[in-house]
Amino acid sequence: MSDNNRLGVFKTYKLYVGGKFPRSESGRVYEVTTKTSAAGTAGKGQWLANAPQSSRKDARDAVVAARKAFGGWSGATAYNRGQVLYRVAEMLEGRKEQFVREVAASEGLSKSKAAAAVDAAIDRWVWYAGWTDKIGQIAGGANPVAGPFFNLSTPEPTGVVAVLAPQKSSFLGLVSVIAPVIATGNTAVVIASADAPLPALSLGEVLATSDVPGGVVNILSGVTAEIAAPLAAHQDVNAIDLTGADAELAKELEIAAADNLKRVLRPQPVDTDGASDSEDWPASPGTHRLTAFLETKTVWHPTGALGAAGSSY
């Protein structure tokens, strides 16, 4: 049979919550279309898919899943987390062509530029995977004290982190905000780019078939402000990354986050066009996102005397 006689099988994009793929409990969807400008900032074009429009209930379900997964993920060895994250990079490499197509359509990029962005995103995932068992060496250590004590500081994950993904950089920016959160033992509830959610929802499919436990990363799509408000006020969310929020929304969310003293990572200053994610995502990453959602635990231990001579350790 000729391919011309086939009916196309359209992909149904779903949320990724607790290791499963539910539709939004609201039953709502919204149209995702291609960008028509080369910069990916103006106009809309061809229909791509219907993405689920998450509700407040979906956000609360994602927090429950993230909290349930936190104990096991934070309790895993740093080396094991690195191996798991590297496995994700392996699977992204195998599905690279799919992500190139989705990034090109979502951001209005040429195929070559989209391929470069996807390559950079995979490389960045590997980079953060390599830091899982090294960040403790630069964020902790032995402290000199005036007294017969050992004083040791070690970093520990903050807990459940709500992440507002960049609005413009649908994949490289997305990876840049998710990978450091989970590399350090936190679990994440991610709000994908409102206009370009497809690469994020496809990332959920990769995570589901990798070694990442269900609930470690939960991905929601829809209206950013609508989903972010209940997450910022949620008492079981420990931190929030406001990268994908504009200045006005970031201020509202930061006020809500203060109710239970959440850690807040503020967005970079906005562009002149009001865009919220003005970070240079292709630039080399640093460790600031790794340390943003770490707490420092300090332990004091008395030294003791050894033998009659009174020598100590």
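Values in this document were obtained by computation on a predicted structure and should not be read as measured data.

Colleague: Can you help me understand the sheet that holds strand β4 (residues 149–157) in this one?
Modeller: What links the strands of a sheet is backbone hydrogen bonding, and the strands pair in either a parallel or an antiparallel sense. Taking strand neighbours across the sheet as the criterion, the three strands line up as β3-β4-β10 in an open arrangement whose pairing is antiparallel. The strands lining the two open edges of the sheet, one partner per strand, are β3 (141–142) and β10 (294–302). Across nine bridges, β4 lies against β10 in antiparallel orientation. Residue phenylalanine 150 lies in a different strand from β10, and its bridge partner there is histidine 301.

Colleague: Looking at this structure, I do not really get the packing of aromatic side chains. What am I missing?
Modeller: Applying the stated criterion to the full structure yields six aromatic pairs. Taken together, a centroid distance of 5.2 Å and an interplanar angle of 35° make the contact between tyrosine 16 and phenylalanine 21 tilted. For tyrosine 16, a relative accessible area of 2% gives the class buried. Their ring planes at 55° and their centres at 5.8 Å tell us that tryptophan 127 and tryptophan 131 sit as a pair that is tilted. Linking tryptophan 127 with tryptophan 131, this pair stays in helix α4 (residues 111–131), spanning four residues, or about one helical turn.

Colleague: Can you help me understand unusual backbone geometry in this one?
Modeller: A negative phi angle characterises most non-glycine residues, just as the trans form characterises most peptide bonds. Its identity as a non-glycine residue notwithstanding, leucine 261 has a phi of 60°, on the positive side. Tracing the backbone through its elements, the reader meets leucine 261 in the loop between α9 (247–257) and β9 (263–265).

Colleague: What is the right way to look at the environment of alanine 228 in this model?
Modeller: Checked against the element boundaries, alanine 228 lands in helix α8 (residues 224–233). On the basis of relative accessibility, which here comes to 0%, the residue alanine 228 falls in the buried class. Spatially, the C-alpha atom of alanine 228 lies 8.7 Å from that of arginine 56, the residues being 172 residues apart in sequence. Residues in contact with alanine 228, not counting those within four places in the same chain, are Leu164, Ile191 and Leu253.

Colleague: What is the right way to read the nonpolar core from this model?
Modeller: When a protein is soluble and globular, its nonpolar side chains tend to lie buried together. Membership of the largest hydrophobic core comes to 59 residues, with the highest contact counts inside it found for Trp125, Phe171, Ile178, Ile182, Val190 and Leu207. Of all the elements, helix α6 (residues 172–183) adds the most residues to this core, at nine residues. Excluding its chain neighbours within four sequence positions, the residues that come into contact with valine 190 are Val163, Ala165, Leu174, Ile178, Val217, Asn218, Ile219 and Leu220. If you look at the next biggest cluster of nonpolar residues, it comprises 25 residues, including Ala59, Ala162, Leu164 and Ala245.

Colleague: Is there a simple way to explain the pairing of β4 in this structure?
Modeller: Along any regular strand, the residues point their side chains to alternate faces of the sheet. When β3 meets β4, the two strands line up antiparallel, connected through two bridges. Of the residues in β4, the one forming a bridge with alanine 142 is leucine 152. Where β3 folds back onto β4 in an antiparallel hairpin, the turn is made up of six residues.

Colleague: Just to check I follow, could you spell out the sheet that holds strand β8 (residues 239–241) for this structure?
Modeller: On the basis of which strands lie adjacent, the open sheet formed by five strands has the order β7-β6-β5-β8-β9 and parallel pairing. Looking at strand neighbours, the two that pair on one side only are β7 (217–220) and β9, the edges of this open sheet. Strand-to-strand twist of the sheet, defined as the mean angle between neighbouring strand axes without regard to direction, takes the value 15°. When strand β5 (residues 160–164) meets strand β6 (residues 187–191), the two strands line up parallel, connected through five bridges. Looking at β6, one finds that valine 163 is bridged to valine 190. Sheet contacts for helix α1 (residues 56–75): β5, β6 and β7; angle to β6, the most-contacted strand, approximately 155°.

Colleague: What should I look at first to understand helix α7 (residues 198–208) in this one?
Modeller: Since there are 3.6 residues in each turn of an α-helix, residues three or four apart along the chain are aligned in direction. Burial analysis of α7 places nine of its eleven residues in the buried class, the great majority of the element. For α7, the full list of buried residues reads Leu198, Pro199, Ala200, Leu201, Ser202, Leu203, Gly204, Val206 and Leu207.

Colleague: I tried to follow the confidence of the model for the protein chain on my own but got confused; where do I start?
Modeller: Close reading of the predicted structure is inappropriate where its pLDDT is low. In this model, the protein chain carries a mean pLDDT of 90, and residues with pLDDT of at least 70 account for 90%. The low-confidence segment residues 38–42, where pLDDT is below 50, has nine contacts with residues more than four positions distant or belonging to other chains.

Colleague: Any chance you could explain α4 here in plain terms?
Modeller: The end-to-end C-alpha distance of α4, which contains 21 residues, comes to 31 Å, matching closely the 30 Å that a straight helix rising 1.5 Å per residue would cover. All buried positions along α4 are accounted for by Ala114, Ala117, Val118, Ala121, Ile122, Arg124, Trp125, Tyr128 and Ala129. All buried residues of α4 lie within an arc of 155° about the axis, which places them on one face of the element. Summarising the geometry of α4, the exposed residues directed more than 90 degrees from the buried face are Ser112, Lys113 and Asp123. Contacts from the buried residues of α4 go to α2 (78–94), α3 (96–107), α6, α7 and α10 (288–291).

Parameters and conventions
- Residues numbered from 1 in each chain as written.
- Predicted model: local features only at pLDDT ≥ 70, side-chain atom pairs only at ≥ 80, totals over all residues.
- Heavy atoms only, no water.
- Pairing = 2+ DSSP bridges.
- Helix = DSSP H or I, 4+ residues; strand = E, 2+ residues; numbered from the N terminus.
- Phe/Tyr/Trp six-rings, centres within 6.5 Å; stacked < 30°, edge-to-face > 60°.
- Buried < 20%, exposed > 50% of the residue type's maximum accessible area, 1.4 Å probe, protein only.
- Contact = heavy atoms within 4.5 Å.
- Core = buried A, V, L, I, M, F, W, Y, C linked by side-chain atoms within 4.5 Å.
- Axes fitted to C-alpha atoms, helices over the stretch in contact; angles between N-to-C directions.
- pLDDT = per-residue confidence, 0-100.
- Expected span 1.5 Å × (residues − 1).
- Arc of directions from axis to C-beta.

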